[in-house]
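# Residue-level structural notes
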Protein chains: 2
Amino acid sequence: METIQQWKRFEVTFNGPIDGNPYTDVDIFADFVNNNHTHHVRGFYAGNGKYTVRYMPQETGHWNYKTSSNVSELNNLQGEFNVSAATGNNHGPVIVKNTTSFSYADGTSYTPVGTTAYAWAWQPKDVQKDTLETLRNTNFNKIRMTVFPKYYNYNTQEPSMYPFKGSHPQSHHPYTTDDWWIKKEDIKFDFTQFNPKWFEHLEKQIDALDEMGIEADLILFHPYDHWGFARMGMENNKRYLKYIVARLASFKNVWWSMANEYDLMDDYDQIKLGDWDELCETVHFEDPSQHLLSIHNYYNPPIHHLKTSNWYDYSKPWITHISIQNYSYYMAVQWQKEYQKPVIFDEIRYEGNIEMGWGNRSAEGEVDGFWKLMAHGAYATHGETLLDKPQTNRPIWWAHGGKLYGESYKRIGFMRKLFEKNNLTDIVPIGIDTPDWELYAGATRDDKHIVIYFGTSQPRFENIPFLLQDKKYKAELVNAWSMTQKPFKDEIDSTTWFELPREKYQALILTLKED
Amino acid sequence: METIQQWKRFEVTFNGPIDGNPYTDVDIFADFVNNNHTHHVRGFYAGNGKYTVRYMPQETGHWNYKTSSNVSELNNLQGEFNVSAATGNNHGPVIVKNTTSFSYADGTSYTPVGTTAYAWAWQPKDVQKDTLETLRNTNFNKIRMTVFPKYYNYNTQEPSMYPFKGSHPQSHHPYTTDDWWIKKEDIKFDFTQFNPKWFEHLEKQIDALDEMGIEADLILFHPYDHWGFARMGMENNKRYLKYIVARLASFKNVWWSMANEYDLMDDYDQIKLGDWDELCETVHFEDPSQHLLSIHNYYNPPIHHLKTSNWYDYSKPWITHISIQNYSYYMAVQWQKEYQKPVIFDEIRYEGNIEMGWGNRSAEGEVDGFWKLMAHGAYATHGETLLDKPQTNRPIWWAHGGKLYGESYKRIGFMRKLFEKNNLTDIVPIGIDTPDWELYAGATRDDKHIVIYFGTSQPRFENIPFLLQDKKYKAELVNAWSMTQKPFKDEIDSTTWFELPREKYQALILTLKED
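Residues numbered from 1 in each chain as written. Chains lettered and ligands numbered in written order. Predicted model: local features only at pLDDT ≥ 70, side-chain atom pairs only at ≥ 80, totals over all residues. Heavy atoms only, no water.

### Regarding the overall build of chain A
For chain A, the count of helices and strands is 9 helices and 30 strands. Over its C-alpha atoms chain A spans a radius of gyration of 24 Å, differing by no more than 12% from the 24 Å that the globule rule assigns to 515 residues. By principal-axis analysis of the C-alpha atoms, chain A measures approximately 80 × 60 × 40 Å. Taking all 515 residues of chain A together, 63% fall into the buried category. For chain A, the proportion of contacts with a sequence separation of at least 24, taken over those separated by at least 6, is 72%. Accessible area of chain A: about 19200 Å², with a carbon and sulfur share of 46%. (Helix = DSSP H or I, 4+ residues; strand = E, 2+ residues; numbered from the N terminus. Rg over C-alpha atoms; globule rule 2.2 N^0.38 Å. Buried < 20%, exposed > 50% of the residue type's maximum accessible area, 1.4 Å probe, protein only. Contact = heavy atoms within 4.5 Å. Areas by Shrake-Rupley, 256 points an atom, 1.4 Å probe, with all protein chains shown as cover.)

### Concerning the side chain of Ser457 of chain B
Here Ser457 of chain B shows up in the loop between strand S25 (449-455) and strand S26 (461-462). Taking relative accessible area as the criterion, Ser457 of chain B reaches 9% and is therefore assigned buried. Here Arg349 of chain A takes part through its side chain, which lies 2.6 Å from a polar atom of the side chain of Ser457 of chain B. Among the polar contacts made by the side chain of Ser457 of chain B, one reaches the side chain of Asn360 of chain A at a distance of 3.3 Å. (Polar contact = N/O pair within 3.5 Å; in protein donor to acceptor, adjacent residues only side chain to side chain.)

### Description of the pairing of strand S2 (residues 10-15) of chain A
Residue and element names in this part refer to chain A. Side-chain alternation along S2 places Phe10, Val12 and Phe14 on a buried face and Glu11, Thr13 and Asn15 on a face that remains uncovered. Pairing analysis gives 6 bridges linking S2 to strand S6 (residues 50-55), with the strands arranged antiparallel. Note that in S6 the partner of Asn15 across the bridge is Lys50. (Pairing = 2+ DSSP bridges.)

### What about the confidence of the model for chain A?
Across chain A, the average pLDDT comes to 93, with 94% of residues at 70 or higher. At the level of chain-chain contacts, confidence expressed as ipTM amounts to 0.86, with global pTM at 0.92. (pLDDT = per-residue confidence, 0-100.)

### Some words on the sheet that holds strand S16 (residues 254-259) of chain A
Residue and element names in this part refer to chain A. Here we have 5 strands laid out as an open sheet, ordered S11-S12-S15-S16-S17, and parallel in their pairing. What marks the edges here is a single partner per strand, and that holds for strand S11 (114-116) and strand S17 (293-294). Relative to S17, S16 runs parallel, the two being bridged by 2 bridges. Paired with Ser257 across the bridge in S17 is Ser294.

### As for the nonpolar core
Within the largest apolar cluster, 282 residues are counted, with the highest numbers of intra-cluster contacts made by Phe221 and Tyr240 of chain A together with Phe221 of chain B. In this structure Tyr240 of chain A touches Val147, Phe148, Phe164, Phe194, Phe199, Leu220, Phe221 and Met232 of chain A, once residues within four positions along its chain are discounted. Counting 19 residues, the second largest nonpolar core, distinct from the first, contains Ile450, Phe454, Leu477 and Phe498 of chain B. (Core = buried A, V, L, I, M, F, W, Y, C linked by side-chain atoms within 4.5 Å.)

### Quick notes on unusual backbone geometry
Residues and elements named next belong to chain A. One non-glycine residue, Gln290, adopts positive backbone phi at about 50°. The residue Gln290 is located in the loop between helix H5 (276-286) and S17 in this model. Phi at Tyr505 is positive, roughly 65°, even though this residue is not glycine. In this fold, Tyr505 is placed in the loop between strand S29 (498-499) and strand S30 (506-512).

### What about the sheet that holds S30 of chain A?
Residues and elements named next belong to chain A. Here we have 6 strands laid out as an open sheet, ordered S23-S24-S25-S30-S27-S28, and antiparallel in their pairing. One side of each edge strand has no neighbouring strand; the edge strands of this open sheet are strand S23 (427-430) and strand S28 (484-492). Taking each pair of neighbouring strands and ignoring which way they run, the sheet shows an average axis angle of 25°. Where strand S27 (residues 473-479) and S28 come together, 6 bridges link them in antiparallel fashion. Paired with Leu477 across the two strands is Lys486, which belongs to S28. (Axes fitted to C-alpha atoms, helices over the stretch in contact; angles between N-to-C directions.)

### Let's talk about helix H7 (residues 363-374) of chain A
Compared with the 16 Å implied by 1.5 Å per residue over 12 residues, the 17 Å span of H7 of chain A between its first and last C-alpha is a close match. The complete set of buried residues in H7 of chain A reads Ala363, Glu364, Gly365, Glu366, Val367, Asp368, Gly369, Phe370, Trp371, Lys372, Leu373 and Met374 of chain A. (Expected span 1.5 Å × (residues − 1).)

Here you go:
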């Protein structure tokens, strides 16, 4: 009998009908049973008359399954397998822990330190190889990436295949079209027929990420489209979601990002604000593993206060965390309070030099954003949009992956290691009843470990009045930019005044002194 | 017959009663008549049996006046004088122009580039001398300053005199008191009796500022008090306002700042939010010259959204401009639109190294704030809180005046000169339908002169799509930090793409090419 590890993928494939359109004509499910608990799981058509069911068991022990289908030859097929305890680097999927933090399912701490390479899986093979190599040698543990290809400035290369049967229009609209880069009547795809090879490749790359301990924050819809994938209509949208959940819910490192910049998809005949609930509910209902699920905005509150009338309601029960684009870091604490969920600033502008404001941030600003958010128990995601020259064809990390050329990723990696080394995980903000210009500070829930970040503020001397009155801490002084950490004070408490160098990007790491 | 220049001060003094309390017992007014227009103006008791009426004539020609009083010897006293046209540097008081900008009364452009030295007029003589010398050698044209002395961290020296008869309590409460540094029963001043010497000295220093072309943004109330001046009660508050308006409305360079951080005065028995209307109305009614009038906050929207329930309604008719403390620059445009008044960010944190967040900003940040606001047709005010060592007794510019030691004031001076040289005055924001991370850009109302500021954004190449389509501009490239300006492009228009150095704090100055 086959044995797999807890949280790894069980997969079984059966032969079935090949005629007609199996994607629409054939349903297959399997009931997975363990210890009297039954999990009803959708399978999918894998092409060539093959039907596959996958499942990620969350409990150890003996499991059996039995299929059901509207096709008799796929009905009542049975089997069994054993699930052994997880070992090694297998800690299970990431889940929400303590309201505003994350951990792995086995309780191991997980602090998302993400990056962004939207369409990396659809680039030429050498670029994909570079991407994986870069990820192996940097220090990110989450990547935002799309299921669909991307069409946008700097993203005009056609992929070598497509997720659906069909082809892209011979002449697509230029960037300046007012019909979001493709007219509906020009769409040349049959959205009822998937291309299994597309998804097989995606799965291979998600597994490659998992081997490196990287979560795939998988973007299910996005507006940067000239094939029609952003305007398939609700019936096709839901069929696509059922298909991808059937294929990918068994991958332990998958997160569902319902859309990137959903609020740019409200025009033309794309997906309207009111449609997202139904799409989220579809994933929530279909996913037997209940992966993390969120949706990502474009317009920034409070800057865009006039444009956020199409703000998605993150209090909806299927939303597990806030995946936001925003640059007003003080909002992190407001959202933690308002939604009682973890908050990830999944776009804080990218380190780069392209012409668009979201892609020409300084490296210092990028690093500063990570520290401010992480010191408040929120999280950030990196991106890089550095060109070597205008209109270059060099891959740009943010969309293509490839290589990193900037200065921020190193400091972000330093930060992640520093936080881990100092047990700075599952942080809650402290001392926040202060304006934006005050300290960014956070503590572990047992108050044993504290981080205090000064940003560009440069006090010559300071005290930390909001430390617990009877606690004494050892202090180390960090410079987030020069990546230095050195002993600072053997003992400080809430009454201690201390001098600081007049430098930018300083932080203090405090460790409780046990009596 | 005496002749004075338009907008200069006419003053006449009469002998009157010296017994009792002339401040409460005696009213004196004069009707100033010119060309059949009558201006009813309150006079004031100047001490030693002297009663003075002052007036700033705004029209040239022949004027006469006649007094009225509840005391017969001060009644029906008459005189006349001539008013000649203004000459030289006399451009009159600053007024609102074109809804969101300022000018002098004679139409000469005025762009406020202010600094802050709250209690400079009440420091030791050598420090006051240093302050005037510093102002002469820098490039500010407005200063925020208080009528009352200041008691606060670093501000614990008693002044050599007081604005009212009486003395300060022998033992005042320490900084940590919960009764705002003085208990009401410890107040030892008679608020019905002014000290004319206090006001004479203030007047001398306001005249000294006027000689240098510097507007005195005069703060009438503030919370940093341990004498009781912040808690005199409404009757005394209004008597004080009538007195100071009678004394100072004839000073052409005076602006009324009703309070500094009014929203910190709402506790204890200080001045409540609902009282400010009556106090503003008092000044508005009493001031025959209708000087600029505003009120200045502490709590920052939108950061402090929970604390701004005591936000003053700047749409009130007596408020001429928005005098704000804020660090969210995109709010400038929102307030311009909402209130249809000029917006001055009168506190954007100070360049410095003190322990409090509002006083340990980097010099780069201070300069960046000026550029972002001025490029959007709003205005900023400088301050410096640099200590040479903790608890030093060296005067700190922000409160005491003295000398400037920082790096921002030079760049702010450079900016003012640059804007003047390039006719960048009376600017309106352009290209603002973009997030905070986009360009900060503004144009003169005739679109002849444009400033585009990049802040810390570092595009390798860029275009300015929101330029008027049929207009062509000469472009100069500025670095706001290194204070350089050099030719950039002979001609650019809305379609031109250009490369930029990858540097922080760059700006483009565009000048329309005439056909």
